[in-house]
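Results of the structural survey
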Amino acid sequence: MAGKNIIKVLLVEDNPGDVLLLQELFKEVTTVVVELMPVERLYEAVNYLTNEIFDVILLDLSLPDSQGLQTFVIAHNQAKATPIIVLTGINDETLATSAMQQGAQDYLVKGQVTGDLLVRSMRYAIERQRADNALRQSEERFRVALKNSPIFVYNQDRDLRYTWVYNPPSGLTVEKILGKQDLDIIPVEDAQHLITIKRGVLTTGIGTREEVSITIKDITRYYDLTVEPLRNETQEIVGVTCASIDISERQAALRDRKLAEEKIREQAALLDVTTDAICVRDLNNQIIFWNKGAETLYGWQATEAWGKNASELLYDEPSPEIEAALLQAISQGKWQGELTKLTKMNKEILVASRWSLVCDEQGKPKSILTVDTDITEKKHLEAQLFRAQRLESIGTLASGIAHDLNNILTPILAGAQLLPLKFPDADERTRHLLEILEINARRGADLVKQVLSFARGVEGKHITLQLKHIIVEIAKILKETFPKSIEISTNVPQDLWMVSGDSTQLHQVLMNLCVNARDAMSNSGTLSISAENMLIDANYARMNLEAKEGPYIVITVFDTGVGIPKEMLDRIFEPFFTTKDVGQGTGLGLSTVLGIIKSHGGFVNVYSEPGSETSFQVYLPAVEGMETISPEDMPPQTGHGELILVVDDEAAIQEIAITSLEAHNYKILVASDGIEAIALYAQNKDKISAVLMDIMLPSLDGLTAIRTLQKINPQVRIIASSGLMSDNKLSAITAIGVNTFLSKPYTVNELLLSLQKVLSGVK
């Protein structure tokens with residue numbers, strides 16, 4: 001047997017016949033000597049493995065004390081370094097696959113093997129196991145080299161020359177480092193410190209981890225250095241393996257945090273001066289600092305707040321938002337956001353909250369610093385601004401629609417007035433139909449005016465008037481028309497200030513508000529109208545975007561009706577938005593109120609308690625002076641053959657203007673755009689008495705055409721007309737000397753009165 005390899009085999013087999021057969025097979029093999037140690041039970045095999053080392057294990061899966069795959073699992077756990085070949089009578093491909101997945105080196109079926117095949121399988125198993133063991137050792141060395149997630153990994157021999165380098169730091173390459181020592185690469189002082197650490201590991205055989213600094217070109221970097229002994233197969237120390245990670249940023253952050261904490265301590269005396277609420281709480285959420293600003297904002301004195309749980313003191317109930325903020329502050333060092341908190345009086349306030357994690361000198365978290373700024377008023381102003389922007393956008397859309405509707409309604413309304421004159425002998429039914437046509441055309445025109453009043457305010461003649469008279473008149477109407485179950489009351493002081501306004505429009509405002517109040521009280525209730533003088537200061541003006549400093553008159557319309565839901569308050573002034581049933585409201589009442597009040601330089605506030613009451617407050621700027629009386633409108637007069645130039649791009653409006661004016665003894669010239677109007681006027685300037693000019697014209701707009709006509713004849717008499725007119729354009733028209741403006745749709749009487757005004761020279 002000299003020169004032959006010996007394979008020491010542990011055979012786990014309970015069938016003596018199979019044991020004898022294997023012994024005979026191995027005798028036929030001449031290349032190796034197989035030393036077979038047979039056992040019948042699994043527990044016997046486990047005992048042998050505890051005391052002896054085998055080159056390979058042949059394992060049957062059907063044993064008296066263990067069956068199936070579990071037999072292999074137990075044996076493998078007992079001898080992980082020894083290769084196991086499953087030798088069984090079970091020809092099951094699924095079982096074979098499972099065994100191989102669990103770590104078996106081979107799966108052989110009894111009766112299908114020869115001695116040579118079995119020996120070859122054992123040799124392969126032994127070699128594979130050795131390769132696996134070597135790989136695990138290599139992986140273990142690499143794991144040590146890479147522990148703590150290093151950036152720079154390297155090996156050095158006993159002379160501390162670099163033999164292997166991975167991912168060198170910036171400015172160095174593998175070629176520049178290999179074969180060199182630390183003294184060849186870094187400054188002497190830093191290199192000596194590294195050499196001392198590494199020689200200590202070579203001497204003691206014990207690894208170490210230290211923080212080191214290296215300065216190159218006046219730039220100091222900090223590293224977390226791990227040094228472990230490097231051993232060969234005989235466990236002899238042949239060098240060191242090192243791993244280092246750049247921690248310069250962490251060191252800088254630590255220094256910054258220490259400086260910040262010192263700054264906090266130095267400024268502690270100043271914390272009570274700020275108006276912000278500053279609170280410090282420990283990691284158990286117990287309050288340990290509470291400044292004067294916190295006392296002012298939340299109402300709790302410092303002695304009351306100290307030691308209390310911050311969540312119980314400042315929040316109605318715990319919320320996921322607070323938990324998330326706390327986790328972020330602890331994990332990331334800071335958090336900021338908006339929170340709703342409660343004061344001592346149980347009042348909700350909105351604060352901009354900034355949280356900062358405070359650590360001790362060792363860098364361990366110890367408390368959370370909170371700085372709260374009250375932004376309740378700021379958010380209220382933002383909500384007002386967003387609401388104003390939304391209403392402005394809706395108004396722009398409504399204005400465009402109203403312009404087209406006005407051009408449609410003008411000929412319908414004028415035609416309805418002219419037809420009875422054209423057919424004076426019409427029967428009663430026809431006259432009734434014409435009357436219905438005129439009434440509904442007027443209703444359409446009024447509806448458009450309501451939309452325009454929301455979109456850009458309402459034009460009207462403002463005079464100095466006393467609102468007390470309007471309130472008294474409204475109250476009288478309400479008592480006569482509203483159900484007796486609704487109690488009407490007024491409260492107006494004798495010294496109520498004057499306002500500048502249009503009495504008809506303000507009358508409409510109060511009627512709209514009172515009708516809404518009546519509709520909110522289905523059975524009975526109280527409706528009161530009150531007025532008072534109010535001086536708005538700078539503080540109030542800051543809280544209300546539309547308010548200005550100065551004297552105001554406040555009219556309050558209060559009812560004890562069903563109230564307005566909170567989610568609807570921001571939308572009640574939008575046109576066509578209504579809470580009433582279908583057919584009971586157009587949704588234009590409150591938008592008209594808002595448009596009229598804005599055109600008077602005022603604003604509207606509303607307060608409501610759903611289920612109990614609503615209060616609308618109308619603010620109008622007060623003025624000095626005596627009450628003025630508006631003169632009665634003069635009845636229109638017929639013309640005396642004057643020639644009128646009508647300029648409009650709408651054919652229907654041209655036709656109705658011709659018919660209306662000719663019926664009242666005027667002569668007509670018609671132009672469809674500004675260029676044609678200039679040409680006609682230049683030819684007939686001595687004959688034309690007045691010009692009716694639409695402002696929105698194709699080719700050449702009305703404003704430019706008016707300026708051109710004034711150059712031809714500075715004394716030209718002009719009536720400007722449009723279905724949609726911005727304040728800027730109206731101001732521009734007035735600035736060039738045109739004082740008469742006719743808003744579409746207009747009636748025949750309004751057209752005749754405007755002509756009478758310009759022809760008589762009245763301004």
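The structure reproduced in this document is the subject of the present report. (Residues numbered from 1 in each chain as written. Predicted model: local features only at pLDDT ≥ 70, side-chain atom pairs only at ≥ 80, totals over all residues. Heavy atoms only, no water.)

Moving on to the overall build of the protein. A tally of regular secondary structure across the protein gives 23 helices and 29 strands. A buried classification covers 43% of the 763 residues belonging to the protein. Sequence separation of 24 or more characterises 63% of the internal contacts of the protein that already satisfy a separation of 6 or more. As presented, the protein carries roughly 41700 Å² of accessible surface, and 52% of it is formed by carbon and sulfur atoms. (Helix = DSSP H or I, 4+ residues; strand = E, 2+ residues; numbered from the N terminus. Buried < 20%, exposed > 50% of the residue type's maximum accessible area, 1.4 Å probe, protein only. Contact = heavy atoms within 4.5 Å. Areas by Shrake-Rupley, 256 points an atom, 1.4 Å probe, with all protein chains shown as cover.)

Turning to the pattern of salt bridges, a few remarks are in order. One pass over the full model with this rule turns up 15 salt bridges. The residue K292 makes a salt bridge to E295 at a minimum N-O spacing of 3.8 Å. Within this pair, K292 and its partner E295 are both found in helix α9 (residues 292–298), separated by three residues, close to a single helical turn. For K292, a relative accessible area of 46% gives the class partly exposed. (Salt bridge = Lys/Arg side-chain N within 4 Å of Asp/Glu carboxyl O.)

Strand order in this open sheet of five strands is β2-β1-β3-β6-β7, and the pairing throughout is parallel. Edge positions in the sheet fall to β2 (32–39) and β7 (106–109), since each has one partner strand and no second. Within the sheet, the average angular offset between the axes of one strand and its neighbour, ignoring direction, is 25°. Sheet contacts for helix α4 (residues 93–102): β6 (84–88) and β7; angle to β7, the most-contacted strand, approximately 150°. (Pairing = 2+ DSSP bridges. Axes fitted to C-alpha atoms, helices over the stretch in contact; angles between N-to-C directions.)

Our focus in this paragraph is unusual backbone geometry. Despite not being glycine, N665 has its phi angle at roughly 70°, a positive value. Locating N665 in the fold gives a position in the loop between α19 (651–663) and β26 (667–671). By relative accessible area, which is 44% here, N665 ends up partly exposed. Of note, the phi angle at S699 is positive, near 65°, even though the residue is not glycine. Along the chain, the position of S699 falls in the loop between β27 (688–694) and α21 (702–712).

Structurally, L413 is set in helix α13 (residues 376–422). Judged by relative accessible area, which is 3%, L413 ranks as buried. For the pair L413 and V748, spaced 335 residues apart in the sequence, the C-alpha separation amounts to 8.4 Å. With residues up to four places along the chain from it excluded, the contact list for L413 reads E438, A441, R442, Y746 and T747.

Under the counting rule described, the total for this entry stands at eight aromatic pairs. An angle of 50° between the planes, with centres 5.0 Å apart, marks the rings of Y154 and Y162 as tilted. The burial state of Y154 is the same as that of Y162; both residues are buried. Their ring planes at 40° and their centres at 5.8 Å tell us that W290 and Y298 sit as a pair that is tilted. Across the pair, Y298 and W290 agree in class, each one buried. (Phe/Tyr/Trp six-rings, centres within 6.5 Å; stacked < 30°, edge-to-face > 60°.)

Before going further, it helps to examine the pairing of strand β25 (residues 643–647). Burial within β25 is extensive, with five of its five residues counted as buried. Of the two faces of β25, both are covered, the one formed by L643, L645 and V647 as well as the one formed by I644 and V646. With five bridges connecting them, β25 and β26 associate as parallel partners. In the sheet register, I644 faces β26, and the bridge partner there is I668. As for the winding sense of the linkage, the β-α-β connection from β25 through α19 to β26 is right-handed. (Right-handed = clockwise from strand over helix to strand, strands pointing away.)

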